[in-house]
Amino acid sequence: MRRMILAAAVGLVLVLANPATAGEIAVSDLVSDGASFAGGEVTVVGELIGDYGRRRNGWTWTQLNGDSYAFAPVVDGGELSGSNIGIGVRIPSEIADALDPPGRYRTVGPIVQLTGIWKYHDPDRQGETYLEVTDLTILERGRPLSESPEWSIYLAGFVLLAIAALVMWQYTRKRDAVG
């Protein structure tokens, strides 16, 4: 009985001592303190953006943004709150082939939960840092963003053009009258 308790205690200490197995973490934590998660399994949530770089070796590369814009785009009423925060991800192509197109200027990419091995300064890939995905769950499908025009800006532009045309007309009238 003592051995089982001791083994359970040692196992618990080992699990708690390794932050990389602590479950879901923020992308910003990986960016700011990537070394502490090196080689461990991590789970992150965010929006796939940019392009899907499909390689012949069976991997697809892309970017996962885990900032506030991934979850609340400004066009949809989200607030401006700093810069984009993202990490490179390497997904097996057979998993990536089923994904919606990645996010872009007028598109929200799929919101996903990724689990994988955090490769921090991977010596096998010339020091790159990325998440090598082993599991992908789609939390929200990608979708187009609809952005309505700001009519007040168009009106202001039209008024400025009208004023410029009026000034030019007055100028040419005075010049023709003098000459």
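Reference entry: report on the structure contained in this document. (Residues numbered from 1 in each chain as written. Predicted model: local features only at pLDDT ≥ 70, side-chain atom pairs only at ≥ 80, totals over all residues. Heavy atoms only, no water.)

**Thoughts on the overall build of the protein**
When helices and strands are counted, the protein shows five helices and seven strands. When its helices and strands are written in sequence order, the protein yields α-α-β-β-α-β-α-β-β-β-β-α. Out of the 179 residues belonging to the protein, those deemed buried represent 30%. Sequence-distant contacts in the protein: of pairs separated by 6 or more residues, those separated by 24 or more amount to 60%. Working note: accessible area of the protein is about 11,800 Å², and carbon and sulfur atoms make up 60% of it. (Helix = DSSP H or I, 4+ residues; strand = E, 2+ residues; numbered from the N terminus. Buried < 20%, exposed > 50% of the residue type's maximum accessible area, 1.4 Å probe, protein only. Contact = heavy atoms within 4.5 Å. Areas by Shrake-Rupley, 256 points an atom, 1.4 Å probe, with all protein chains shown as cover.)

**Let's talk about the layout of surface pockets**
Approximately 290 Å³ is the volume attributed to the largest pocket. Every residue lining the largest pocket is counted, 14 residues in all, and those nearest its centre are E47, Y69, P73, N84 and R104. Elements supplying a minimum of two residues to the lining of the largest pocket: β1 (41-54) and β4 (107-108). Split by residue class, the lining of the largest pocket holds eight nonpolar, four polar and two charged. (1 Å grid on protein atoms, 1.4 Å probe; cavity = no way out; pocket = protein on both sides within 12 Å on 5 of 7 lines; lining within 4 Å. Points joined across faces, edges and corners; volume = space filled by probe spheres on them. Nonpolar A, V, L, I, M, F, W, Y, C, P; charged D, E, K, R; others polar.)

**Let's talk about the nonpolar core**
Counting residues in each nonpolar core, the largest one holds 20 residues, and the members touching the most others are V44, L64, I87, V89, L114 and L131. Every element with two or more residues in this core is listed here: α2 (27-32), β1, β3 (86-92), β5 (111-122) and β6 (128-140). The element best represented in this core is β1, accounting for four residues. Once residues within four sequence positions are removed from consideration, V89 is found in contact with L48, T60, W61, T62, Q63, L64, L114, L131 and V133. (Core = buried A, V, L, I, M, F, W, Y, C linked by side-chain atoms within 4.5 Å.)

**Notes on the pairing of β1**
As paired elements, β1 and β5 share seven bridges and run antiparallel to each other. From the neighbouring strand, T43 faces β5, where its bridge partner is T115. With five bridges joining them, β1 and strand β2 (residues 59-65) adopt antiparallel strand pairing. Looking at the pairing, L48 lines up with L64 of β2. Counted along the chain from β1 to the antiparallel partner β2, the turn is four residues long, and its residue G58 has a positive phi close to 95°. (Pairing = 2+ DSSP bridges.)

**What about the sheet that holds β6?**
Taken together, the five strands give a closed barrel; going around it, the order is β1-β2-β3-β6-β5, and neighbouring strands pair in mixed fashion. Each strand axis lies, on average, 55° off the axis of its neighbour in the sheet, ignoring direction. (Axes fitted to C-alpha atoms, helices over the stretch in contact; angles between N-to-C directions.)

**Some remarks on the environment of P92**
Turning to its location among the elements, P92 is positioned in strand β3. In the structure, P92 is positioned 37 residues away from R55 in sequence and 9.8 Å away in space, judged by C-alpha atoms. Apart from the residues lying within four places of it in its own chain, the contact partners of P92 are G58, W59 and V133.

**Observations concerning a nonpolar patch on the surface**
Together, L155, F158, V159, L160, I163 and V167 give the surface a local cluster of nonpolar side chains, amounting to about 610 Å² of exposed area. Note that I163 resides in helix α5 (residues 151-178). (Patch = residues over 30% accessible without salt bridge, like charges linked within 9 Å, V, L, I, M, F, W, Y side chains within 5 Å. Salt bridge = Lys/Arg side-chain N within 4 Å of Asp/Glu carboxyl O.)

**Observations concerning the side chain of D122**
Relative to the elements of secondary structure, D122 occurs in strand β5. A distance of 2.5 Å separates a polar atom in the side chain of D122 from a polar atom in the side chain of Y130. Residues contacting D122, with those up to four places away along its chain left out, are G127, E128 and Y130. (Polar contact = N/O pair within 3.5 Å; in protein donor to acceptor, adjacent residues only side chain to side chain.)

**Observations concerning the pattern of salt bridges**
Overall, the coordinates contain six salt bridges when judged by the stated rule. Across the pair D97 and R54 runs a salt bridge whose closest N-O atoms are separated by 3.2 Å. Of this pair, D97 sits in the loop between α4 (93-96) and β4 while R54 is found in strand β1, placing the two residues 43 residues apart along the sequence. Owing to a relative accessible area of 44%, R54 belongs among the partly exposed residues under this scheme.

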